[in-house]
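Understanding the architecture of this molecule
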Amino acid sequence: MKLGIVGLPNVGKSTLFNSLTKAGAESANYPFCTIDPNVGVVTVPDHRLDVLGEMYHTKKIVPAVIEFVDIAGLVKGASKGEGLGNQFLANIREVDAIVHVVRCFENSNIVHVDGSINPLRDIETINLELIFSDLEILERRIAKTVKMARNDKTAARELELLHRIQAHLEENKMAKTFRPDNEDEEAWMAEYNLLTAKPVIFAANVSEEDLPDDGASNAGVQEVRAYAKQEECEVFVVCAQIEQEIAELEEEEKALFLEELGLEESGLEKLIKASYSLLGLISYLTAGEPEVRAWTIRKGTKAPQAAGKIHSDFERGFIRAEIVSYEDLMACGTHAAAKEKGLVRLEGKEYVVQDGDIILFRFNV
């Protein structure tokens, strides 16, 4: 999974990126200090892997990973060359979802590019820049398709779609609220890779005082939540500064620090939950002495396609899957005991994989 982090300058974007990835992207109190997209990879915390590692005396544990891309702070007019321009937006065209960091804290020592704290105005500014960037993409595609449409009915149908999406964006609407009429139109839209078609997770960046009640008493957070609900987006409340402190602690110290703050989980864990929920993702597991590993798939994936995540040969030559759920395995204590109780099942090509399934694939190529 790949997530792109966007936001205005000085909203805590790079501080959050640093803490999530420990990659040390430069973070300073002035706009545009992130002038190259920073990329960091983080592992997805999953206690099930450690438990299985002990059970199988495994040599290696391989968790799922998320890649983060941190983009330079955008400003109003970026698409027309203001600030650093919008060349950085190209770096997030390939991401699965956008994490939009919104400033919901007051701090007179940290300047705001627009002079005041106003989360909804900030969201609108970023949305407009994403829309302008998408309109550029559409204009280029239209110019290319117009020539072909003269003698090609398929191209003519695509051109009509392009004009409809263009009109939709020109009304300041995001591409994800545009409804294609058929499968062909859906396929074309996927090709355009529009930024405003991507799912969005809002990271409401608050002060430490607003963390214990999850931003319930912060008016800015409530505005972001109301907006996100209307737009079918996810929201999580985070204090980027605190996350940076957490990132520097050992695991045991981290748990104590979170407890002192009255928190059950870190911002990274909240973000991972929000990402999995928004993108409809789950993890299945493979376990044995050589390695224990988590594999990320979309909800509703059938066994052969899940096997294909490991290797294309597994999907091509799929015969069946031997499956036990993590909960059943834990209740029985060993794989042999689970088998005795009939909890290890053989499933075929139509089986839909569930979160926490521990799977051994049988295949023949």
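These notes cover the structure that comes with them.

About the thresholds
Residues numbered from 1 in each chain as written. Predicted model: local features only at pLDDT ≥ 70, side-chain atom pairs only at ≥ 80, totals over all residues. Heavy atoms only, no water. 1 Å grid on protein atoms, 1.4 Å probe; cavity = no way out; pocket = protein on both sides within 12 Å on 5 of 7 lines; lining within 4 Å. Points joined across faces, edges and corners; volume = space filled by probe spheres on them. Nonpolar A, V, L, I, M, F, W, Y, C, P; charged D, E, K, R; others polar. Buried < 20%, exposed > 50% of the residue type's maximum accessible area, 1.4 Å probe, protein only. Helix = DSSP H or I, 4+ residues; strand = E, 2+ residues; numbered from the N terminus. Arc of directions from axis to C-beta. Contact = heavy atoms within 4.5 Å. Polar contact = N/O pair within 3.5 Å; in protein donor to acceptor, adjacent residues only side chain to side chain. Patch = residues over 30% accessible without salt bridge, like charges linked within 9 Å, V, L, I, M, F, W, Y side chains within 5 Å. Areas by Shrake-Rupley, 256 points an atom, 1.4 Å probe, with all protein chains shown as cover. Salt bridge = Lys/Arg side-chain N within 4 Å of Asp/Glu carboxyl O. Lys, Arg positive; Asp, Glu negative; His and termini not counted. Charge placed at Lys NZ, Arg CZ, Asp CG, Glu CD. Pairing = 2+ DSSP bridges. Axes fitted to C-alpha atoms, helices over the stretch in contact; angles between N-to-C directions. Parallel < 35°, antiparallel > 145°, perpendicular 65-115°, else oblique. Left-handed = near helix turned anticlockwise from the far one by under 90°. Phe/Tyr/Trp six-rings, centres within 6.5 Å; stacked < 30°, edge-to-face > 60°. Lys NZ or Arg CZ within 6 Å of the ring centre and 35° of its normal.

1. Some points on the layout of surface pockets
The volume enclosed by the largest pocket comes to roughly 980 Å³. Taken together, 34 residues line the largest pocket, and the ones lying closest to its centre are Thr43, Val44, Pro45, Asp46 and Glu269. When grouped by side-chain class, the residues that make up the lining of the largest pocket number 15 nonpolar, 6 polar and 13 charged.

2. Notes on helix α5 (residues 183-192)
Among the residues of α5, those classed as buried are Glu185, Trp188, Met189 and Tyr192. One face of α5 carries all of its buried residues, which in axial projection span an arc of 100°. Every exposed residue of α5 that faces more than 90 degrees away from the buried side is listed here: Glu183 and Ala190. In this fold, the buried residues of α5 make contact with α3 (119-149) and α4 (153-170). The opening residue of α5 is Asn182, an N-cap whose side-chain oxygen sits 3.2 Å from the backbone nitrogen of Asp184. Of the residues flanking the end of α5, it is Asn193, one or two places downstream, whose phi is positive at about 55°.

3. Let's talk about a negative patch on the surface
A cluster of acidic residues, Glu208, Glu209, Glu245 and Glu248, forms a negative patch at the surface. Along the chain, the position of Glu209 falls in the loop between β6 (200-205) and α6 (219-230). For Glu209, a relative accessible area of 63% gives the class exposed.

4. Quick look at the sheet that holds strand β2 (residues 38-43)
Spatial ordering of the open sheet is given by β2-β4-β1-β5-β6-β7, a layout of 6 strands whose pairing is mixed. Across the chains shown, the open sheet's two edge strands, defined by having one partner strand only, are β2 and β7 (234-238). Here the strands of the sheet are splayed against their neighbours by 25° on average, with no regard to which way each runs. Sheet analysis places strand β1 (residues 2-6) next to strand β4 (residues 65-70), joined by 4 bridges and oriented parallel. Its bridge partner lying in β4, Lys2 is registered against Glu67.

5. Observations regarding the environment of Cys104
Checked against the element boundaries, Cys104 lands in the loop between β5 (97-103) and α3. Dropping the residues within four chain positions of it, Cys104 is found in contact with Ile117, Pro119, Ala204, Asn205, Val206, Asn218, Gly220, Val221 and Val224.

6. Describing the pairing of β1
Counting buried positions along β1 gives 4 out of 5 residues, so the element sits mostly inside the fold. In this sheet, β5 lies alongside β1 in parallel orientation, the contact comprising 4 bridges. Bridged to Gly4 within β5 is Ile98.

7. Topic: the packing of α3 against α6
The geometry of α3 relative to α6 is characterised by a closest axis approach of 9 Å and an angle of 45° between their N-to-C directions. In this view, α3 runs oblique relative to α6, as classed from their interaxial angle. Every residue of α6 that contacts α3 at Pro119, Leu120, Ile123 and Asn127 is listed here: Gly220, Glu223, Val224 and Tyr227.

8. Considering empty space enclosed by the protein
According to the stated counting rule, one finds 2 cavities of 30 Å³ or more in the structure shown. Space inside the largest cavity adds up to approximately 40 Å³. The wall of the largest cavity is formed by Asn127, Met174, Lys176, Val200, Phe202, Tyr227, Glu231 and Cys233. Class assignment for the residues of the lining of the largest cavity results in 5 nonpolar, 1 polar and 2 charged. Size it by volume and the second largest cavity reaches roughly 30 Å³.

9. A closer look at the packing of α3 against α5
Between α3 and α5, the least distance of the axes is 11 Å, while the angle of their chain directions is 120°. Pair α3 / α5 crosses with right-handed handedness. Across the interface between the two elements, Ile137, Leu138 and Arg141 from α3 touch Trp188, Glu191 and Tyr192 from α5. Looking at the contact of α3 with α5 residue by residue, the class counts come to 4 nonpolar, no polar and 2 charged.

10. Let's talk about the packing of aromatic side chains
Applying the stated criterion across every chain yields a total of 5 aromatic pairs. Site record: aromatic cluster; members linked through ring pairs are Tyr284, Trp295, Phe318 and Phe361. Over the ring of Phe105 we find Arg103, and its NZ or CZ is 4.4 Å from the ring centre.

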